[in-house]
Amino acid sequence: MKSTFLGKKLKYAFIIIENDMLTRDLSITILGNSGVGKTTLIKRLKGESVEDISPTTQIEIHEKKIKLRSQSFKSTFSIERHRSYRVRAVDCPGDMSLWPYWKKALIDYKTNGIIFMIDPKQDHKVQTDALTQVSNYFLMTLDEDIVKAERKARKVKAIFFLLVNKIDLLEYNKGKADQIIREYYSAVWNHLKERFPNSGHYWDAISAIDETEQMFETIDGIFETIKREIYD
Ligand SMILES: Nc1nc2c(ncn2[C@@H]2O[C@H](COP(=O)(O)OP(=O)(O)OP(=O)(O)O)[C@@H](O)[C@H]2O)c(=O)[nH]1
Ligand SMILES: [Mg+2]
């Protein structure tokens with residue numbers, strides 16, 4: 001709480017303002033095949049231990065209020081500096097037999113964006129199938145009538161984030177991650193872009209188990225991008 005400069009009497013009022021008006025919601029659904037690192041990323045974001053994580057078997061909702069790094073560069077007198085972002089991350093099971101949970105998650109928890117995680121060492125055919133499924137499931141949330149859904153998809157504003165995880169296994173070479181996306185994912189990714197042309201489409205590469213300050217900044221940058229798309 002940075003309210004001391006306001007004086008004691010105003011402090012309480014400021015807390016109420018911060019809670020009620022300065023908090024913004026970011027709702028993200030994290031999808032991808034089993035073992036790509038979805039739960040690990042969420043735990044990192046929450047500041048929890050990333051050791052001994054078991055495979056996810058049902059939809060799990062995680063909420064955490066965070067401040068983004070970019071906020072610390074704003075003046076103390078700027079509202080932006082004092083905001084909190086209430087991130088709701090919807091974690092889903094990645095096992096292929098449980099992919100139908102993804103549709104349920106997208107219907108039950110309205111999302112601002114989908115982070116689709118890729119493991120560069122896993123089978124790419126399975127993972128491109130998973131991405132195709134994401135595109136189809138998201139489309140189905142827009143309308144039961146497929147023709148109407150396709151029409152609505154052209155206007156919908158969402159964020160699609162293709163995230164290559166485990167870049168440590170690629171010797172931290174972002175070029176290699178880019179090459180994998182081009183080689184295996186570009187057809188599905190381009191189809192998704194054409195289907196949702198008004199949405200934001202991004203990609204990045206991270207290592208969710210890497211606890212260095214530099215990696216923290218990269219992960220923070222993903223949420224900064226999502227926040228910018230939604231609120232700026
Ligand atoms: N080398 C490496 N391993 C990672 C990284 N991120 C996650 N892992 C490991 O990958 C394994 C699977 O991670 P999870 O977070 O459980 O993957 P998930 O996508 O949630 O899997 P499901 O719940 O089955 O869908 C764990 O052993 C993690 O430690 C990473 O950046 N680098
Ligand atoms: Mg999991």
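Okay, so let's go over this structure. (Residues numbered from 1 in each chain as written. Chains lettered and ligands numbered in written order. Predicted model: local features only at pLDDT ≥ 70, side-chain atom pairs only at ≥ 80, totals over all residues. Heavy atoms only, no water.)

1. As for the overall build of the protein chain
Cut-off, in case you're wondering: Think of it this way: any DSSP run of H or I at least four residues long counts as a helix, any run of E at least two long counts as a strand, and we number them from the N terminus. The globule rule is 2.2 Å times the number of residues to the power 0.38, and the radius of gyration it is compared with is taken over C-alpha atoms. Exposure is judged per residue with a 1.4 Å probe applied to protein chains only, and the accessible area is read against the type maximum: over 50% gives exposed, under 20% gives buried, and values in between give partly exposed.
A count of helices and strands for the protein chain gives eight helices and six strands. Along the protein chain, from the amino end to the carboxyl end, the secondary structure elements read α-β-α-β-α-β-α-β-α-α-β-α-β-α. Compactness check: the protein chain gives a C-alpha radius of gyration of 19 Å against a globular reference of 17 Å for 232 residues, within 12% of the reference. Principal-axis analysis of the C-alpha atoms gives the protein chain an extent of 60 × 45 × 30 Å. Put simply, the protein chain has 232 residues, and 46% of those count as buried.

2. A few points about the pairing of strand β1 (residues 23-31)
Using the following cut-off: Whether two strands pair comes down to DSSP finding at least two bridges between them.
Among the nine residues in β1, eight count as buried, and that is most of the element. Relative to strand β3 (residues 84-91), β1 runs parallel, the two being bridged by eight bridges. Across the sheet, T23 pairs through a bridge with S84, a residue of β3. Alignment of β1 against strand β4 (residues 113-118), held across four bridges, turns out to be parallel. Note that in β4 the partner of I28 across the bridge is G113.

3. Quick word on the packing of aromatic side chains
Threshold: Each Phe, Tyr or Trp ring (for Trp, its six-membered ring) is paired with any other whose centre lies within 6.5 Å, and the angle between the two planes then decides the class: stacked below 30 degrees, edge-to-face above 60, tilted in between. Consider the ring centre and the ring normal. A charge sits over the ring if Lys NZ or Arg CZ is within 6 Å of that centre and within 35 degrees of that normal.
For the coordinates displayed, the defined rule picks out six aromatic pairs. An angle of 35 degrees between the planes, with centres 5.0 Å apart, marks the rings of F160 and F196 as tilted. Residue F160 is located in strand β5 (residues 159-164), and its partner F196 is located in the loop between α7 (174-195) and β6 (200-205); the two are separated by 36 residues in the primary sequence. Both residues of the pair, F160 and F196, count as buried. By the ring-pair criterion, three or more aromatic residues cluster together here, those being F138, F160 and F196. K174 extends its terminal NZ or CZ atom over the ring of W203, reaching a point 5.6 Å from the ring centre.

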